[in-house]
Amino acid sequence: MNPYILSPLLFGLGLGTTITFASSHWLLAWMGLEMNTLAIIPLMAQHHHPRAVEATTKYFLTQATGAAMLLFASTSNAWLSGQWDIQQMSHPLPITLVTLALALKVGLAPLHSWLPEVLQGLDLTTGLILSTWQKLAPFALLLQIQPANSTLLVALGLASTLVGGWGGLNQTQLRKILAYSSIAHLGWMVLVMQFSPSLTVLALLTYLIMTFTTFLVFKLNNSTNINTLATSWAKAPVLTSLTPLVLLSLGGLPPLTGFMPKWLILQELTKQDLAATATLAALTALLSLYFYLRLSYAMALTMSPNNTAGTTPWRLSSLQATMPLTISTTATLFLLPLTPAAVALLMT
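Not measured: the values here are computed from a predicted model.

Reading the values: the criteria
Residues numbered from 1 in each chain as written. Predicted model: local features only at pLDDT ≥ 70, side-chain atom pairs only at ≥ 80, totals over all residues. Heavy atoms only, no water. Helix = DSSP H or I, 4+ residues; strand = E, 2+ residues; numbered from the N terminus. Rg over C-alpha atoms; globule rule 2.2 N^0.38 Å. Buried < 20%, exposed > 50% of the residue type's maximum accessible area, 1.4 Å probe, protein only. Contact = heavy atoms within 4.5 Å. Areas by Shrake-Rupley, 256 points an atom, 1.4 Å probe, with all protein chains shown as cover. Axes fitted to C-alpha atoms, helices over the stretch in contact; angles between N-to-C directions. Parallel < 35°, antiparallel > 145°, perpendicular 65-115°, else oblique. Left-handed = near helix turned anticlockwise from the far one by under 90°. UniProt positions renumbered as here; feature names shortened; annotations may be inferred. Expected span 1.5 Å × (residues − 1). Nonpolar A, V, L, I, M, F, W, Y, C, P; charged D, E, K, R; others polar. Patch = residues over 30% accessible without salt bridge, like charges linked within 9 Å, V, L, I, M, F, W, Y side chains within 5 Å. Salt bridge = Lys/Arg side-chain N within 4 Å of Asp/Glu carboxyl O. Core = buried A, V, L, I, M, F, W, Y, C linked by side-chain atoms within 4.5 Å. Domains from an automatic or database assignment. Buried area = accessible area lost by both parts, 1.4 Å probe. Phe/Tyr/Trp six-rings, centres within 6.5 Å; stacked < 30°, edge-to-face > 60°.

1. As for the overall build of the protein
Next, step 1: Within the protein, the secondary structure is distributed over 17 helices and zero strands.
Next, step 2: Since a compact globule built from 348 residues should have a radius of gyration of about 20 Å, the 20 Å found for the protein is in line with a globular shape.
Next, step 3: Each principal axis of the C-alpha atoms in the protein carries an extent, and together these give about 70 × 50 × 35 Å.
Next, step 4: Expressed as a percentage of the 348 residues in the protein, the buried residues total 53%.
Next, step 5: In the protein, the proportion of contacts linking residues at least 24 apart, taken out of those at least 6 apart, comes to 78%.
Next, step 6: Here the protein displays about 15600 Å² of accessible surface, and carbon together with sulfur accounts for 69% of that area.

Structure representation (structure tokens):
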């Protein structure tokens with residue numbers, strides 16, 4: 001894409017999120033979300049491929065529905081209570097509507113079905129923006145309203161962890177697997193949001209780091225399905241040996257970074273006398289772990305097939321900058337020892 005076109009679009013993405021972050025009025029927050037949506041749509045459709053156009057259309061329709069619900073809920077709140085302030089929502093009906101609208105915007109189950117289809121139609125770079133940056137603004141609003149209906153949040157969280165684990169089991173396309181992974185991680189964040197918002201922020205930060213690393217690895221290998229992972233040994237052997245650890249960190253295995261938020265969330269849920277919820281969430285994490293192990297197996301423990309269609313590709317040097325991948329991989333693997341510092345920060 002032409003840099004003169006790309007720069008305003010990226011600026012619009014950043015500005016939309018910043019406006020939503022900084023706003024205390026519902027109309028300003030809504031405007032920031034709309035700017036976000038409108039800025040990413042040309043990025044999604046830039047390849048003029050039927051799949052990309054279809055994904056863009058689906059994304060536009062779901063985001064427009066979420067924005068309309070949000071506007072209706074905030075107007076209803078102003079009508080019922082005379083308040084446009086985000087933190088002054090008191091009536092249960094607008095709060096529930098706003099929560100569902102934001103759940104649709106980020107892709108929480110059962111409002112998730114657009115996310116795997118949209119992500120599958122995009123290239124990995126735009127998919128990375130959609131999976132990371134586009135989650136920030138809706139989460140900022142969810143954290144501000146602090147929905148009083150904790151049952152709804154716990155139900156959304158459990159449904160998301162279950163759907164995120166179950167849906168990814170039979171997938172062979174990496175982008176769909178990452179979409180279901182995203183749904184599962186968002187479910188963990190929403191589960192604990194009512195009880196410890198700072199823990200949700202910690203889980204979101206670790207999710208952003210791990211997802212950033214995974215997308216960059218797949219982009220470096222130019223992989224979009226499981227079969228192409230088997231040829232990655234020829235391209236980047238050191239990275240291929242580290243990638244299973246990155247995937248297991250996404251799955252939440254100790255002693256990797258991904259274990260930290262899951263451990264603290266389960267601890268917090270147990271403190272809130274939600275032992276059954278914590279047990280169910282931990283069991284759904286095993287479903288997610290299965291498809292991460294599947295990817296690890298395909299990448300590190302299998303040889304590429306020797307038929308004509310599966311021959312090893314040319315070992316051309318990649319043009320992708322490796323410094324961001326180096327930093328994010330290190331963070332994905334080695335941040336667990338900082339858990340006491342993170343807990344101390346959460347307590348303050």
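There's plenty left to go through after this.
2. Here we look at the packing of helix 13 (residues 237-251) against helix 16 (residues 323-334)
Next, step 1: Where helix 13 contacts helix 16, the axes come no closer than 9 Å and their chain directions differ by 50 degrees. Our classification of the angle between helix 13 and helix 16 gives oblique. Once helix 13 is placed against helix 16, the crossing between them reads as left-handed. Here helix 13 contributes Leu239, Leu242, Leu245, Val246 and Ser249 to the contact with helix 16, which in turn contributes Leu325, Thr329, Thr332 and Leu333.

3. Things to note about the UniProt feature "transmembrane region" (unreviewed entry) in the protein
Next, step 1: Mapped onto this numbering, the UniProt entry annotates "transmembrane region" (unreviewed entry) at residues 60-80, 92-115, 151-170, 177-195, 201-221, 233-254, 274-293 and 325-347.
Next, step 2: Regarding residues 60-80, the helix share stands at 100% and the strand share at 0%, and the terminal C-alpha atoms are separated by 30 Å.
Next, step 3: Secondary structure content for residues 274-293 is 95% helix and 0% strand, and the end C-alpha separation is 29 Å.

4. Considerations on helix 4 (residues 92-106)
A turn of α-helix holds 3.6 residues, and therefore any two residues three or four places apart point the same way.
Next, step 1: Here helix 4 contains 15 residues, and its C-alpha end-to-end distance of 21 Å stays within 8% of the 21 Å for a straight helix at 1.5 Å per residue.
Next, step 2: Among the residues making up helix 4, those that are buried are Pro94, Ile95, Leu97, Val98, Thr99, Ala101, Leu102, Ala103, Leu104, Lys105 and Val106.
Next, step 3: Phi turns positive one or two residues past the end of helix 4, at Gly107, with a value near 95 degrees.

5. What about the packing of helix 10 (residues 197-221) against helix 16?
Two numbers describe a pair of packed helices, the interaxial angle and the distance between the axes.
Next, step 1: Where helix 10 contacts helix 16, the axes come no closer than 9 Å and their chain directions differ by 135 degrees. Compared by their axis directions, helix 10 and helix 16 come out oblique. Helix 16 is crossed by helix 10, and the crossing has left-handed handedness. On helix 16, the residues touching Ile209, Met210, Phe212, Thr213, Leu216, Val217 and Leu220 of helix 10 are Pro324, Leu325, Ser328, Thr329, Ala331 and Thr332.
Next, step 2: Residue composition of the contact of helix 10 with helix 16, grouped by class: nine nonpolar, four polar and no charged.

6. Some words on unusual backbone geometry
Next, step 1: Residue Pro110 is reached from Ala109 by a cis peptide bond, and omega for that bond is 5 degrees.
Next, step 2: Checked against the element boundaries, Pro110 lands in the loop between helix 4 and helix 5 (114-120).
Next, step 3: Cis geometry is found at the peptide bond from Pro254 to Pro255, where omega equals 5 degrees.
Next, step 4: Note on placement: Pro255 falls in the loop between helix 13 and helix 14 (259-271).
Next, step 5: Even without being glycine, His48 reaches a positive phi, approximately 55 degrees.
Next, step 6: Structurally, His48 can be placed in the loop between helix 2 (26-44) and helix 3 (50-81).
Next, step 7: The backbone of Asn222 shows a phi angle near 55 degrees, a positive value even though the residue is not glycine.

7. Let's talk about a nonpolar patch on the surface
Next, step 1: Together, Leu38, Phe60 and Leu61 make up a nonpolar patch on the protein surface, roughly 300 Å² of accessible area in all.
Next, step 2: With respect to the secondary-structure elements, Phe60 resides in helix 3.
Next, step 3: According to the relative accessible area criterion, Phe60 is partly exposed, its value standing at 39%.

8. A closer look at the nonpolar core
Next, step 1: Ranked by internal contacts, the top residues of the largest apolar core, which has 48 residues, are Trp26, Leu70, Val98, Phe139 and Leu141.
Next, step 2: Looking at this core, you find at least three residues from each of domain 1 (1-146) and domain 2 (149-306 + 322-347).
Next, step 3: Those residues in contact with Val98 that sit more than four places away from it in its chain are Trp26, Leu70, Ala73, Met89 and Ile145.
Next, step 4: Judged by nonpolar contacts, the second largest core, of 42 residues, contains Leu13, Leu220, Ile226 and Leu295.

9. Some words on the domain arrangement of the protein
Next, step 1: As assigned here, the protein comprises domain 1 (1-146) and domain 2 (149-306 + 322-347).
Next, step 2: Computed from C-alpha atoms alone, the centre-to-centre distance between domain 1 and domain 2 is 23 Å.
Next, step 3: Taken residue by residue, the interface counts 29 residues in domain 1 and 33 residues in domain 2.
Next, step 4: For the pair domain 1 and domain 2, the two sides together bury roughly 2800 Å², of which 78% comes from carbon and sulfur.

10. Concerning the packing of aromatic side chains
Next, step 1: Applying the stated criterion across every chain yields a total of three aromatic pairs.
Next, step 2: Ring plane angle 55 degrees and centroid distance 4.9 Å describe the contact between Phe291 and Tyr292, whose orientation is recorded as tilted.
Next, step 3: A relative accessible area of 2% places Tyr292 in the buried class.

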